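So you can see what is in the structure, the chains are spelled out below.
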Amino acid sequence: MIHTYRLQGCKIALDVNSGAVHLLDDVSFRILSRAEEWEALPEQIPEEFLLALSAYDSADTVREAYGELWALQESGTLFSGDEYAPFADRMEDAPVKAMCLHVAHDCNLRCEYCFAAQGDFGHGRKLMPVEVGERAIDFLLTNSGSRRNLELDFFGGEPLMNFEVVRRVVAYARSKEAEYGKNFRFTITTNGLLLDGEKSAFINREMSNVVLSIDGRREINDRLRVRRDGSGSYDSIVPKYLSFLQGRQDKEYYVRGTFTKHNLDFTNDVFHLAELGFDQISVEPVVSDSRLDYSIKPEDLGRVFEEYETLAARIAKSREEGDFFNFFHFMLDLDQGPCAIKRLRGCGCGNEYVAVTPEGDIYPCHQFVGSEEWKMGSVLDGTFDRQTKRKFARANVYTKEDCASCWAKFYCSGGCNANNAQYEGDILKPHSLSCEIEKKRLECAIVLQAKQLASENRSLNS
């Protein structure tokens, strides 16, 4: 399977199974565009094929280009075989290696688009007792098998509203590392309103990664990310974030925003964040009920696609001028990429990754929390629904029928299971709107990476 497209002045062919990306000339692009649905190139170019292409190029030129493409096929980087399928049967009984710990089902913001019902997940505002946090750590230690490195994300609501419990859970987990032969990597996701010097120092010492929420320009951020009294948050959080990052040094972080129908010019928000001094940036599309006024709808896709192309072009120009920042949805490794299982299944929610609520209830991930039908057990009584775990273990691009013929399947891994369940009614039914957006992002990311690698190769060979 291959995918061909034109973008940013480039003619691209992606070999889906191998992940190889080819920058093509006009002749080769015309050949592969016509052969995109083929399973393989025959060794000799068909005469009717040659005749059709002779309107553009001489027969000798077409034959020469075809021979080069045939050589790529022989090398395994064009029309390659599917080597991932055997891994699909090796995905059950994986240890739990990551947890989203909901230390606060409360928030000091009332973001209009919040999937968590503005902080309480629809079940009332509450904070996690430290005992529940400690039992969650015990659950992760017990169910992590031979995994040494464990991931734990402090989440909400707003986790800084329960910061003492964050401190005590970190201390408890650290006290168990030597006994169990484990290493905890902590992350915290915050809206920044409660950041101060003391909290910043603790986070920078203990957290391997930090997610800082902000939507971009002041007018965009303050339209939907508002306090309880309706006032905006931008002027409070920006100086706090910048001060926080001064002590962060080279440890990981990123700012994370959401774009909606109100800012389909989100390139300006990405570059606004870069101009503020952030160099790790994620701005993602809202996924919401299509009846809401800020929702992105199918009729908006053309505008969204146009904006991703604008963003890719501006990032490419910025890099040429020596300014570099990471835009997370354009980060792509064309050489190695994720392991096979990661490519097939994605985040591992409900199988390798779970979420725990303030009451100690276990859910497949943070976006399933509040949906009682997806409750998997409790860290307080030790129950854990292994049947549901196996269901998520089997959710991969081979069990998701719509993924079978999709060129992007080994990059998106079948999409977000929570979005699939909520908007399509089945974790095995990819959310169609998200799929279309993801494919455009991938096309832009591939072009950016291919152009950069081509530029580096030219520099090496000059």
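The residue count restarts for each chain, going from 1 along the sequence in the order it is written. Residue-level local features of this predicted model are given only where pLDDT is at least 70; pairs of side-chain atoms are given and counted only at 80 or more, and the full residue set underlies all totals for whole chains, interfaces and linings. Only hydrogens and water are removed before side-chain values are computed, so all heavy atoms of the structure are retained for them.

Chemist: Which residues make up the packing of helix H5 (residues 163-180) against helix H6 (residues 197-206), and what values do they have?
Modeler: Remark: H5 packs on H6, axes separated minimally by 12 Å, with the N-to-C direction vectors making an angle of 25°. Here H5 is positioned roughly parallel relative to H6, judged by the angle of their axes. Between H5 and H6 lies a crossing whose hand is left-handed. Two secondary-structure elements touch here, H5 through Phe163, Val166, Arg167, Val170 and Arg174 and H6 through Glu198, Lys199, Phe202, Ile203 and Glu206. Amino acids are sorted into nonpolar (Ala, Val, Leu, Ile, Met, Phe, Trp, Tyr, Cys and Pro), charged (Asp, Glu, Lys and Arg) and polar (every other residue, Gly among them). Across the contact of H5 with H6, the residue classes break down as five nonpolar, no polar and five charged. Helix axes use the C-alpha atoms of the stretch in contact, all axes being lines fitted to C-alpha atoms, and the angles between their N-to-C directions lie in the range 0 to 180 degrees. Labels follow the DSSP assignment, with helices taken as runs of H or I lasting at least four residues and strands as runs of E lasting at least two, numbered in each case from the N terminus. Oblique is the label for any angle not covered by the other classes, which are roughly parallel (under 35 degrees), roughly antiparallel (over 145) and roughly perpendicular (65 to 115). If you view the pair so one helix is near and one far, a crossing is left-handed when the near helix is turned anticlockwise from the far one by less than a right angle, and right-handed when it is turned clockwise. Whether two residues touch is decided by their heavy atoms; if any such pair falls within 4.5 Å, the residues are in contact.

Chemist: Can you lay out unusual backbone geometry for me, pointing to particular residues and giving the numbers?
Modeler: In this chain, glycine 156 is followed by glycine 157 through a cis amide linkage whose omega measures 15°. Within the secondary structure, glycine 157 is located in the loop between strand S7 (149-155) and H5. Located in the positive-phi region is serine 413, a residue other than glycine, with phi close to 60°. In this fold, serine 413 is placed in the loop between helix H13 (409-412) and helix H14 (417-424). Working definition: with a 1.4 Å probe on protein chains only, accessible area under 20% of the residue-type maximum means buried, over 50% means exposed, and in between means partly exposed. The exposure class assigned to serine 413 is buried, which follows from its relative accessible area of 4%.

Chemist: Now, about empty space enclosed by the protein: what can you tell me, with residues and values included?
Modeler: Where empty space is left in the structure can be found by rolling a water-sized probe over the atoms. Think of a 1 Å grid over just the protein atoms. A cavity is a set of points where a 1.4 Å probe fits yet cannot get out, a pocket is an open set with protein on both sides within 12 Å along at least five of seven lines, and lining residues have an atom within 4 Å of a point. Grid points are joined across faces, edges and corners, and a volume is the space filled by probe spheres set on the points. A complete count under the given rule lists one cavity of 30 Å³ or more for this structure. Taken as a whole, the largest cavity encloses approximately 50 Å³ of empty space. Considering the residues around the largest cavity, the lining is formed by Asp215, Ile220, Arg223, Leu224, Thr258, Thr260, His262 and Asn263. With three residues, helix H7 (residues 218-224) is the single largest residue contributor to the lining of the largest cavity. Per-class residue counts for the lining of the largest cavity are two nonpolar, four polar and two charged.

Chemist: Report on the sheet that holds strand S2 (residues 10-15), specifying residues and quantitative values.
Modeler: At least two DSSP bridges between two strands are needed for those strands to be called paired. With antiparallel pairing, three strands are arranged side by side in an open sheet as S1-S2-S3. Only two strands of the sheet have a single neighbouring strand rather than two, namely strand S1 (2-7) and strand S3 (21-23). Along the sheet, successive strands turn relative to each other by an average axial angle of 20°, direction set aside. Relative to S3, S2 is paired through three bridges, and the arrangement is antiparallel. Its bridge partner lying in S3, leucine 14 is registered against valine 21.

Chemist: How would you sum up the pattern of salt bridges? Please name residues and give values.
Modeler: For salt bridges, the criterion is a side-chain nitrogen of Lys or Arg within 4 Å of an Asp or Glu carboxyl oxygen. Under the defined criterion, the tally for this structure stands at 28 salt bridges. The partner of arginine 63 in a salt bridge is aspartate 60, and the shortest N-O contact between them spans 3.7 Å. Taken as a pair, arginine 63 and aspartate 60 lie in helix H3 (residues 59-74) at a separation of three residues, close to a single helical turn. The class of arginine 63 is partly exposed, set by a relative accessible area of 41%. Put simply, Arg174, Glu177, Arg205 and Glu206 are held in one network by salt bridges that share partners.

Chemist: Tell me about the side chain of aspartate 15, and please be specific about residues and values.
Modeler: As for its placement among the helices and strands, aspartate 15 is situated in strand S2. Within the structure, aspartate 15 has its side chain in polar contact with the side chain of serine 80 (distance 2.5 Å). Every residue in contact with aspartate 15, bar those within four places of it in the chain, is listed here: Met1, Ile2, Ala20, Gly76, Thr77, Leu78, Phe79 and Ser80. Here a polar contact means two N or O atoms within 3.5 Å. Within protein one must be a hydrogen donor candidate and the other an acceptor candidate, and residues neighboring in sequence count only if both atoms are side-chain atoms.

Chemist: Please set out the packing of aromatic side chains residue by residue, giving values where relevant.
Modeler: Two rings from Phe, Tyr or Trp (for Trp, the six-membered ring) form a pair when their centres are within 6.5 Å of each other. A pair whose planes differ by under 30 degrees is stacked, one over 60 is edge-to-face, and the rest are tilted. Under the criterion given, the structure shown has 16 aromatic pairs. An angle of 80° between the planes, with centres 6.4 Å apart, marks the rings of tyrosine 241 and phenylalanine 278 as edge-to-face. On the criterion of sequence distance, the pair formed by tyrosine 241 in helix H8 (residues 234-246) and phenylalanine 278 in the loop between helix H9 (267-276) and strand S11 (280-285) is long-range, its members being 37 residues apart. Joined through ring pairs, the aromatic side chains of Phe259, Phe266, Tyr308, Phe327 and Phe330 make up one cluster. Note on criteria: charge over ring means Lys NZ or Arg CZ within 6 Å of the ring centre, with the direction from the centre no more than 35 degrees off the ring normal. For the cation-ring pair, lysine 199 lies above phenylalanine 163, with the distance from its terminal atom to the ring centre recorded as 5.7 Å. Lying over the aromatic face of phenylalanine 271, arginine 314 brings its terminal NZ or CZ to 4.0 Å of the ring centre.

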